[in-house]
Protein chains: 2
Amino acid sequence: MKENKVPYKIYLDESEMPEKWYNVRSDMTIKPPPLIHPGTRQPMTAAELEGVFCAELVRQELDDNTAYFAIPEEILSFYKMYRPSPLVRAYCLEEKLDTPAKIYYKFEGNNTSGSHKLNSAIAQAYYAKKQGLVGLTTETGAGQWGTALSMACSYLGIDLEVFMVKGSYEQKPYRREVMRTFGAKVTPSPSDQTGIGQKMRAEFPNTSGSLGCAISEAVEKAVTTEGYRYVLGSVLNQVLLHQSIIGLETKAALDKFDIRPDIIIGCAGGGSNLGGLIAPFMGEKLRGEGDYRIIAVEPASCPSLTRGKFAYDFCDTGMICPLAKMYTLGSAFIPSPNHAGGLRYHGMSTTLSQLYDDGHMEAVAITQNEVFTAAVEFARVEGLIPAPESSHAIKVAIDEAKKCKETGEAKTILFGLSGTGYFDLGAYQQYHDETLSDYIPSDEDLAKGFANIP
Amino acid sequence: MKENKVPYKIYLDESEMPEKWYNVRSDMTIKPPPLIHPGTRQPMTAAELEGVFCAELVRQELDDNTAYFAIPEEILSFYKMYRPSPLVRAYCLEEKLDTPAKIYYKFEGNNTSGSHKLNSAIAQAYYAKKQGLVGLTTETGAGQWGTALSMACSYLGIDLEVFMVKGSYEQKPYRREVMRTFGAKVTPSPSDQTGIGQKMRAEFPNTSGSLGCAISEAVEKAVTTEGYRYVLGSVLNQVLLHQSIIGLETKAALDKFDIRPDIIIGCAGGGSNLGGLIAPFMGEKLRGEGDYRIIAVEPASCPSLTRGKFAYDFCDTGMICPLAKMYTLGSAFIPSPNHAGGLRYHGMSTTLSQLYDDGHMEAVAITQNEVFTAAVEFARVEGLIPAPESSHAIKVAIDEAKKCKETGEAKTILFGLSGTGYFDLGAYQQYHDETLSDYIPSDEDLAKGFANIP
């Protein structure tokens, strides 16, 4: 074991916990372009957005200039139940890899939702309650976001209806039961409760649903139900704002030991985890106060950054949501059944898309078996079964640590371990049984999706 | 929200972590009676035990007098990966119950094995490795112990074969996959790999197995394989010794804020969790330095303390293991399929049995629906889905807090939250669907089990 002056886990005292969220857009010279109305094709106004989202969240969504937003006292209290999350020095992994690199990971899985999603769920539920709403709707694919939001709504005493992609509803009953335990109404999508759901069921009677369709259903239900609004767990600016708590805690913990990461790595689906982790570091980089290599990791089966187009596109399949300028594979792109459900989205946060397009971060895409090989290697030494999503970051962190072994450089590598894989063991089983697919879409597959971009 | 000078979670710094285990037997005036050889019916000697267990563990098993055992450096290092576990002030539960009681719980579920079992698993694997053994065998029912041991063996690089009760192997594939991820060989029991397994399969071709049979198989495999020993996750003195880390950390954390619990509550199956939590408090009680009400909670379907006999009995179904003097329902007692798999054992730790018989602690038995009602109530306010086992303690903690509301007493209640329920959501589903059994064995049912006690 190496000399370890830095403890295995760096915790923050409650007094050291961040009390403000950081808005990375405030430091961007080129701001992410605005959302566009699907009908008028004009920038969405606050009034238009308030039909779908809570007023305060709309304010956060549209504010490109305020650097810090105070975290309300009630949310800070909730955060204290499961935060600060540990920043772990991966001594055992370093030893296994025999690398001079110093590896740290910020572990967001130590809460019952099993991932970082809770950080934004409680914020969005809080503002809904404060506005006097009675309930929320949302969609969930693999179930992390629905689980997190059901915990937040249960805590605050407001209703929640979750449209869960039908395939997941049937194949992942455990996440469904977690949501039920927290009192949420869980409806398989497409359902007969919305016009879009009815249309999909009529057209495709055997469909197992999709995230894009579930979003459309949840939005329709929210705008047609008195006292309800819709909430989304990723992609949006407001979500990246709330998730900045990940990066702010990480930076505070590293600062206690005068550590500066050379490389920062996170998995990227809609961008909530990566955007949160990198926020304060990207801020320093944009302000010229520090230089970091920042790497987004995505599945080769759904490569929005590495093979997508930077264009205005619909956020949902039903095309009732606003258009966002983002790296996209097209709203009709249907990703293969990769087990990293949280990375199976056709688009990417507008903020991260802009930062990537401006050269402030890199992106790589990796295949599924590579991901699980890294996950199992990590689990066996660090004693933690990571989510398939998070394992994308692990894979690249291991690769970078191996490069350090070759060059002899003692780089400091930080990655985000966004959640646990306890509900993904079916995927691990397939990996052990060597039946996991390494599908990569062909250029023709991608062309079909691109054709759908307006 | 109440004034909260005590933080939500009391952590210990690494420097404050206990470096010794505490042996409660050292403070017992009446020691637990020795294990008896199944053949000779004489007290087991160290030499006899060393055919089954590692030498150092035998020393710990037989030592009734040494108060403290130094925790080896390598085990302390491993503990640092997931310990100290948080001691949580249940502010939200207190508020929900509107009680003047102050409720604390020690949460042992924040590691991938999902429970406290890892505390002893790493110790037992460490001593095996130190002795130069190549592998271990064990049994697992619901899978917590097998998971924990597979993590420990993976970390130390020694082989592990787990005999998993066949019913669980088939119905709980997720825990099986966790063990495979950590490199363990998992065999459904009864198997064709042992004489006892072959006999069981011949007699009962359709059996789904039992914990007692899996123990017999694992022991047989260990004693007939060169360089192997058997390890057990509960009941034994050595296990209670290792698990004292739970209570020692709890006491250290409470002492930082000058808090003394009035009531200490834990679920009790074989006794590992309860014995560990109460150890230092029971020590004070036995030495006349403090008075605590200590409550063991068991399932009404498997009520060894509340309805069992205090007698010498076999620890396994195959009757090849030593006999222990314990509260027992008889080694042939087959508990109903209660979802708290970890509490489904016919006997109880000899140490806890003696302490109970001597009046140093109380015991209560509760039915399954009561348990899940408490679990869901707890989950919705504390944001954490507890294991069915742990929820037995929650139920009684809530009951005691409600009594405080009636009397106006601001008692301090401490309970052990031994693990998470992430792999038990099938049970939660049955609770939500109102199909959970509240079976309580009749006196006739118990008489059949008692008839088997030698």
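Residues numbered from 1 in each chain as written. Chains lettered and ligands numbered in written order. Predicted model: local features only at pLDDT ≥ 70, side-chain atom pairs only at ≥ 80, totals over all residues. Heavy atoms only, no water.

## Considerations on the overall build of chain A
- The helix and strand inventory of chain A stands at 18 helices and 15 strands.
- Its C-alpha atoms give chain A a radius of gyration of 21 Å, near enough to 22 Å, the size a compact globule of 454 residues would have.
- Its C-alpha atoms give chain A principal-axis dimensions of roughly 60 × 50 × 40 Å.
- A total of 454 residues make up chain A; the buried ones form 66% of that total.
- Intrachain contacts of chain A at a sequence separation of at least 6 include 76% that bridge at least 24 residues.
- Accessible surface computed for chain A: about 15100 Å², of which carbon and sulfur atoms make up 49%. (Helix = DSSP H or I, 4+ residues; strand = E, 2+ residues; numbered from the N terminus. Rg over C-alpha atoms; globule rule 2.2 N^0.38 Å. Buried < 20%, exposed > 50% of the residue type's maximum accessible area, 1.4 Å probe, protein only. Contact = heavy atoms within 4.5 Å. Areas by Shrake-Rupley, 256 points an atom, 1.4 Å probe, with all protein chains shown as cover.)

## A closer look at the packing of helix α6 (residues 144-156) of chain A against helix α8 (residues 173-181) of chain A
Residues and elements named next belong to chain A.
- At a minimum axis separation of 8 Å, α6 and α8 run at an interaxial angle of 15 degrees. Classified by the angle between their axes, α6 and α8 sit roughly parallel to one another. Relative to α8, α6 is oriented so that their crossing is left-handed. Residues Gln144, Gly146, Thr147 and Ser150 of α6 form the contact with α8, whose participating residues are Arg175, Val178 and Met179.
- Here the contact of α6 with α8 is composed, by residue class, of 2 nonpolar, 4 polar and 1 charged. (Axes fitted to C-alpha atoms, helices over the stretch in contact; angles between N-to-C directions. Parallel < 35°, antiparallel > 145°, perpendicular 65-115°, else oblique. Left-handed = near helix turned anticlockwise from the far one by under 90°. Nonpolar A, V, L, I, M, F, W, Y, C, P; charged D, E, K, R; others polar.)

## Let's talk about the domain arrangement of chain A
Residues and elements named next belong to chain A.
- Assigned domains within chain A: domain 1 (9-17 + 72-112 + 244-450) and domain 2 (20-64 + 115-230).
- Centre-to-centre separation of domain 1 and domain 2, based on C-alpha positions: 22 Å.
- At the interface, 50 residues of domain 1 touch 46 residues of domain 2.
- Each partner contributes to the roughly 4000 Å² buried at the junction of domain 1 and domain 2, and carbon and sulfur atoms together form 67% of this total. (Domains from an automatic or database assignment. Buried area = accessible area lost by both parts, 1.4 Å probe.)

## Side note on the pattern of salt bridges
- Summed over the entire model, instances satisfying the criterion amount to 54 salt bridges over all chains.
- Two residues, Asp255 of chain A and Lys251 of chain A, come together in a salt bridge whose shortest N-O distance is 3.3 Å. One end of the pair, Asp255 of chain A, and the other, Lys251 of chain A, are both in helix α11 (residues 237-256), 4 residues apart, so they sit about a helical turn from each other.
- A relative accessible area of 14% places Lys251 of chain A in the buried class.
- Lys251 of chain B serves as the salt-bridge partner of Glu284 of chain B, at 3.2 Å between the closest nitrogen and oxygen. With Glu284 of chain B in helix α12 (residues 272-286) and Lys251 of chain B in helix α11 (residues 237-256), the pair connects residues that are 33 residues apart, well separated along the chain. Each of the two residues, Glu284 of chain B as well as Lys251 of chain B, counts as buried. (Salt bridge = Lys/Arg side-chain N within 4 Å of Asp/Glu carboxyl O.)

## Side note on empty space enclosed by the protein
- Per the stated rule, a full pass over the model turns up 6 cavities of 30 Å³ or more.
- Around the largest cavity, the lining is made up of 46 residues, and of these Phe107, Asn110 and Asn111 of chain A together with Phe107 and Asn110 of chain B lie nearest the centre.
- Mapped onto the lining of the largest cavity, the elements with two or more residues apiece are α3 (73-82) and β5 (102-107) of chain A together with α3 (73-82), β4 (87-89) and β5 (102-107) of chain B.
- A breakdown of the residues in the lining of the largest cavity according to their chemical character gives 28 nonpolar, 13 polar and 5 charged.
- Of the volumes computed, that of the second largest cavity is approximately 470 Å³.
- Looking at the second largest cavity, it is lined by 35 residues, and the ones nearest its centre are Lys117, Ser234, Gly341, Gly342 and Leu343 of chain A.
- Sorting the residues of the lining of the second largest cavity by element identifies β6 (135-140), α6, α10 (211-223) and α12 (272-286) of chain A as the ones contributing at least two each.
- The element contributing the most residues to the lining of the second largest cavity is α12 of chain A, with 3 residues.
- Each residue belonging to the lining of the second largest cavity can be placed in one class, and the counts come to 12 nonpolar, 19 polar and 4 charged. (1 Å grid on protein atoms, 1.4 Å probe; cavity = no way out; pocket = protein on both sides within 12 Å on 5 of 7 lines; lining within 4 Å. Points joined across faces, edges and corners; volume = space filled by probe spheres on them.)

## Some details on the packing of aromatic side chains
Residues and elements named next belong to chain A.
- Applying the stated criterion to the full structure yields 35 aromatic pairs over all chains.
- Ring geometry for Phe372 and Tyr431: centres 6.0 Å apart, planes at 25 degrees, overall stacked. Of the two residues, Phe372 sits in helix α15 (residues 368-382) while Tyr431 sits in helix α17 (residues 425-432), which places them 59 residues apart along the sequence.
- Looking at Phe372, the relative accessible area reads 1%, which means it is buried.
- Residue classification places Tyr431 among the buried residues on the basis of a relative accessible area of 18%. (Phe/Tyr/Trp six-rings, centres within 6.5 Å; stacked < 30°, edge-to-face > 60°.)

## Thoughts on the confidence of the model for chain A
- Predicted confidence across chain A gives a mean pLDDT of 94, with 99% of residues reaching 70 or more.
- Model confidence for the complex is summarised by a pTM of 0.90, with the ipTM given as 0.85. (pLDDT = per-residue confidence, 0-100.)

## Digging into the interface of chain A and chain B
- Every contact between the two is made by 43 residues of chain A and, on the other side, 43 residues of chain B.
- Carbon and sulfur atoms supply 56% of the area buried between chain A and chain B, which totals about 4000 Å² over both sides.
- Linking chain A to chain B there are 2 salt bridges.
- Counting across the interface, chain A meets chain B through 20 residue pairs in polar contact (both at pLDDT 80 or more).
- When contributions to the side of chain A that touches chain B are tallied by element, the ones reaching two or more residues are α3, α6, α8, α15 and α17 of chain A.
- At 6 residues, the largest contribution of residues to the side of chain A that touches chain B is made by α8 of chain A.
- Among the residues forming the side of chain A that touches chain B, the class breakdown is 22 nonpolar, 11 polar and 10 charged. (Polar contact = N/O pair within 3.5 Å; in protein donor to acceptor, adjacent residues only side chain to side chain.)

## Side note on the relation of the copies chain A and chain B
- You can overlay chain A on chain B at an RMSD of 0.0 Å; the transform is a turn of 180 degrees with a shift of 0.0 Å along its axis. What the superposition gives is, in effect, a two-fold axis relating one chain to the other. For chain A, the minimum C-alpha distance to the rotation axis belongs to Asn110 of chain A and amounts to 3.1 Å.
- When the interface residues of chain A are mapped onto chain B, 100% of them again fall at the interface, so both copies present the same face. (Least-squares fit on C-alpha atoms with pLDDT ≥ 70 in both.)

## Overview of the pairing of strand β6 (residues 135-140) of chain B
All names here are of chain B.
- Within β6, 6 of the 6 residues are buried, which leaves the element mostly enclosed by the surrounding structure.
- What you see with β6 is no split at all: Gly135, Thr137 and Glu139 on one side and Leu136, Thr138 and Thr140 on the other are buried throughout.
- One ladder, built from 6 bridges, connects β6 with strand β7 (residues 159-165); its direction is parallel. Paired with Leu136 across the two strands is Leu160, which belongs to β7.
- For the handedness criterion, the β-α-β arrangement of β6, helix α6 (residues 144-156) and β7 is classed as right-handed.
- Both β6 and strand β9 (residues 228-230) contribute to a ladder of 3 bridges, which runs parallel. Among the inter-strand pairings, Gly135 is bridged to a residue of β9, identified as Tyr228. (Pairing = 2+ DSSP bridges. Right-handed = clockwise from strand over helix to strand, strands pointing away.)

## Structural notes on the state of the cysteines
Residue and element names in this part refer to chain A.
- The tally for this structure, following the rule as stated, stands at 0 disulfides over all chains.
- Residue Cys153 stays outside any disulfide, its sulfur separated by 10 Å from that of Cys54, the closest cysteine.
- Taking relative accessible area as the criterion, Cys153 reaches 1% and is therefore assigned buried.
- Cys213 takes part in no disulfide bond, and the closest cysteine sulfur, belonging to Cys321, lies 11 Å away. (Disulfide = S-S within 2.5 Å.)

## Here's the deal with the packing of α17 of chain A against helix α8 (residues 173-181) of chain B
- Between α17 of chain A and α8 of chain B, the least distance of the axes is 9 Å, while the angle of their chain directions is 50 degrees. Comparing their axes, α8 of chain B and α17 of chain A come out oblique. At the point where α17 of chain A passes α8 of chain B, the crossing takes the left-handed sense. Seen from α17 of chain A, the contacting residues are Leu425, Gly426, Tyr428, Gln429 and His432 of chain A; seen from α8 of chain B, they are Tyr174, Arg176, Glu177, Val178, Arg180 and Thr181 of chain B.

## Observations concerning the side chain of Thr112 of chain A
- Of note, Thr112 of chain A is situated in the loop between β5 and α5 (118-130).
- At 3.3 Å, the side chain of Thr112 of chain A and the backbone oxygen of Gly383 of chain B are in polar contact.
- Here Ile385 of chain B takes part through its backbone nitrogen, which lies 3.0 Å from a polar atom of the side chain of Thr112 of chain A.
- With near-sequence residues (within four places) excluded, Thr112 of chain A lies in contact with Thr147, Met151 and Phe182 of chain A together with Gly383, Leu384, Ile385 and Tyr422 of chain B.

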